[in-house]
Amino acid sequence: MAGTYDAIIIGGGHNGLVTACYLAKAKWKVLVLERRYLVGGACVTEETFPGFKVSTAAYVNSLFRPEITRDLRLADYGFACIERNPSSFSPFPDGRYLLLGPDAQLNQREISKFSAKDAGNYPKYEQMLERVAAVIEPTLLMTPPNVISPGLTGMWRLFGLARSFQKLGPGMGEAVEILTGPARPILDRWFESEQLKATLATDAVIGAFASPSMPGTAYVLFHHVMGETNGKKGVWAYVKGGMGGLTQALARSAKDLGVDIRCEAEVAKILVEDNRVKGVALKNGDEFHAKKVASNVDPHLTFEKLLDPKVLPPEFAAAVRRINYDSASLKINVALSEAPDFTACPGTTPGPQHRGTMHICPDQDYIERAYDDAKYGKPSENPILECTLPSSVDPTVAPPGKHLMSMFIQYAPYKLKEGTWEDWKDRFADRCFDLMNEYAPNFKRSVIARQVVSPLDLERTFGLTGGNIFQGSMSLNQLFMFRPIVGWADYRTPIKGLYLCGSAAHPGGGVMGTCGMNAAREMQKRW
């Protein structure tokens, strides 16, 4: 079988679907090829347990661009978000707890329980992050310049970025520190309460194989204020019906725009002739032809698995091999008979303590020790648990009277010094459950079923090399004009007509859709 299209998208994750939709809006004939039985990539809802709608991998939303939601009329296709307020709950071993969220008065009251000084500093800290975010957020929609050969357009983009930083005045140094430095010294400078610092520090290391004392971790802090839900800045949310509610809305929008979506259609090879993309060949032998192909999978799969390495310039192939995919994240999805009954804040009826992220992480040293285990190839003896209970605000994701929990765990290194993840994952999940039970003694007896998604499972199921949820580490040398490779940050590749549209490209990981939107724009420029 063969077919001809204007563009073919490899991978039906959220970015690939966004690219497909924008190209189809421009009247392109588009084909999306997805290896799994459903589209969505790591942003999916699956009935892992009977009657439960499980967000298997990605689990919260805020960063998805409102422009995309409006342009593609996603609300008309069922996409809806449920705000989390409060947004976080941190119980501590001494029986106290900290709630944080979009309510400034709540934050003042809660932080004052630990430090009046910190309560006064917290609004100023958020204002500082907002100033930095105001400079950085517009760059998400930019095509980064080619620093090797920027040309007039690239020089103008760099000049504009420099002018934006210049407007920060004396705050420029603070911004540079946020973008390049470690999170811990910044948090230590602003606050004295370990309870507050630990809660904020978990944001800095989410999905990263790093501790808060390592350079580059501060960059993630301003994501706390950068996203939005229902027009409210800095508010995080659950997608109604699970994260697949977003990607299914994208798929419905795409189909109405005329996009051809095929699942269980694994691409085996990108076809190239005279250094120009020709189309793709599937694992079953089918071929589809197009003058433009956008890959929504990471550079390792795109350039080292789907392409013959001989067609790439040697220096480009070498740079691809240098991309860092280190990761240490594990996910556990849990069906529960009742909500956690925390010693610090009792009650199994869903309350403020259940709505946001429940942090099991007493202080910053705890994070450092957890990282120490992982850097030597061992799952953390005392891991960081980031738990959410979407059923507390969205009854559609669990049967009546039951609850659904998502546990995002760090650190669980992809590369183990001893044994395999098949040996480790249940043992490690048991340790996570024991730890949760220390804070909520009813937890273990309320477990109906669980799904443990190891770093190896993330790689096998979702095609995430090394289990890296960002399609490549979000370190300074792999951001903006350096992502994925210096000289190739504009979504193009050395193969004419072949583009990257996934999280491997700028601005990187997270459920944003920006990579897909930017890639579609660049593809149309060269049509």
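Engineer: Please explain the packing of aromatic side chains as it appears in this structure.
Structural biologist: What describes a pair of aromatic rings is the distance from one ring centre to the other and the angle between the planes of the rings. The tally for this structure, following the rule as stated, stands at 18 aromatic pairs. On the numbers, 5.6 Å between centres and 45 degrees between planes, the contact of Phe 89 with Tyr 97 is tilted. Plain terms: the ring middles of Phe 92 and Phe 114 are 5.7 Å apart, the flat faces sit at 75 degrees to each other, and that makes the pair edge-to-face. You can see Phe 92 sitting in the loop between β6 (88-91) and β7 (97-100) and its partner Phe 114 sitting in the loop between α3 (104-112) and α4 (116-136), a full 22 residues away along the chain. A residue is classified by how much of its surface remains accessible, and Phe 92, at 5% relative accessible area, is buried. Judged by its relative accessible area of 17%, Phe 114 is buried. Among the aromatic side chains, those forming a connected cluster through ring pairs are Tyr 122, Tyr 125, Trp 190 and Phe 191. The ring of Tyr 97 has Lys 113 lying over it, and the distance from NZ or CZ to the ring centre is 3.8 Å. One residue, Arg 450, lies across the ring of Phe 433, its end atom 5.0 Å from the ring centre.

Engineer: Got a minute to help me understand the layout of surface pockets in this structure?
Structural biologist: A water-sized probe, rolled over the atoms, reveals where empty space remains. Each pocket or cavity is described by its volume, and for the second largest pocket that value is around 420 Å³. Lining the second largest pocket are 18 residues; nearest its centre among them are Ile 136, Phe 165, Leu 179, Leu 476 and Phe 480. Put simply, the parts of the chain that give the lining of the second largest pocket at least two residues each are α5 (151-166) and α6 (172-180). For the lining of the second largest pocket, the element with the highest residue contribution is α5, accounting for four residues.

Engineer: What exactly am I supposed to notice about the sheet that holds strand β16 (residues 357-360) here?
Structural biologist: Backbone-to-backbone hydrogen bonds join strands into a sheet, with any given pair of strands oriented parallel or antiparallel. What the seven strands build is an open sheet, ordered β7-β6-β16-β17-β18-β15-β19; its pairing is mixed. Edge positions in the sheet fall to β7 and β19 (447-453), since each of these pairs with one other strand and no more. Between one strand axis and the next, the sheet turns by 20 degrees as a mean value, whatever way the strands run. Inspection of the sheet shows strand β15 (residues 329-336) paired to β19 by six bridges, in the antiparallel sense. Among the inter-strand pairings, Leu 336 is bridged to a residue of β19, identified as Val 447.

Engineer: I'm lost on empty space enclosed by the protein in this one. Help?
Structural biologist: The tally for this structure, following the rule as stated, stands at three cavities of 30 Å³ or more. Lys 53, Ser 55, Tyr 59, Pro 390 and Leu 404 are, among the 17 residues lining the largest cavity, the residues nearest its centre.

Engineer: Honestly, α5 in this entry has me stumped. Any pointers?
Structural biologist: Along an α-helix, residues three or four positions apart point the same way, because every turn accommodates 3.6 residues. If you check α5, its first and last C-alpha atoms are 22 Å apart, about what 16 residues at 1.5 Å a residue would give, namely 22 Å. All of the buried residues in α5 are Gly 154, Leu 161 and Phe 165. For α5, the buried positions fall inside an angular range of 45 degrees around the axis, keeping them on one side. Structural note: α5 exposes Leu 152, Thr 153 and Trp 156 on the side pointing more than 90 degrees away from its buried face. Where the residues of α5 are buried, they touch α4 and α6.

Engineer: What exactly am I supposed to notice about the environment of Leu 31 here?
Structural biologist: Within the fold, Leu 31 resides in strand β2 (residues 30-33). Taking the C-alpha atoms as reference, Leu 31 lies 6.8 Å from Tyr 5; in sequence the two are 26 residues apart. For Leu 31, the residues in contact, after removing those within four places along its chain, are Tyr 5, Ala 7, Ile 8, Ile 9, Asp 260, Arg 262 and Phe 288.

Engineer: For this particular structure, what's the right way to read the side chain of Glu 386?
Structural biologist: As for its placement among the helices and strands, Glu 386 is situated in strand β17 (residues 384-388). As a buried residue without a salt bridge, Glu 386 has its nearest oppositely charged side chain in Arg 84, at a separation of 7.6 Å. Polar contacts involving the side chain of Glu 386 include one to the side chain of Thr 202, which spans 2.9 Å. Residues in contact with Glu 386, not counting those within four places in the same chain, are Tyr 59, Thr 202, Asp 203, Ile 206, Thr 357, Met 358, His 359, Ser 406, Met 407 and Phe 408.

Thresholds, definitions, all that
Residues numbered from 1 in each chain as written. Predicted model: local features only at pLDDT ≥ 70, side-chain atom pairs only at ≥ 80, totals over all residues. Heavy atoms only, no water. Phe/Tyr/Trp six-rings, centres within 6.5 Å; stacked < 30°, edge-to-face > 60°. Helix = DSSP H or I, 4+ residues; strand = E, 2+ residues; numbered from the N terminus. Buried < 20%, exposed > 50% of the residue type's maximum accessible area, 1.4 Å probe, protein only. Lys NZ or Arg CZ within 6 Å of the ring centre and 35° of its normal. 1 Å grid on protein atoms, 1.4 Å probe; cavity = no way out; pocket = protein on both sides within 12 Å on 5 of 7 lines; lining within 4 Å. Points joined across faces, edges and corners; volume = space filled by probe spheres on them. Pairing = 2+ DSSP bridges. Axes fitted to C-alpha atoms, helices over the stretch in contact; angles between N-to-C directions. Expected span 1.5 Å × (residues − 1). Arc of directions from axis to C-beta. Contact = heavy atoms within 4.5 Å. Lys, Arg positive; Asp, Glu negative; His and termini not counted. Salt bridge = Lys/Arg side-chain N within 4 Å of Asp/Glu carboxyl O. Polar contact = N/O pair within 3.5 Å; in protein donor to acceptor, adjacent residues only side chain to side chain.

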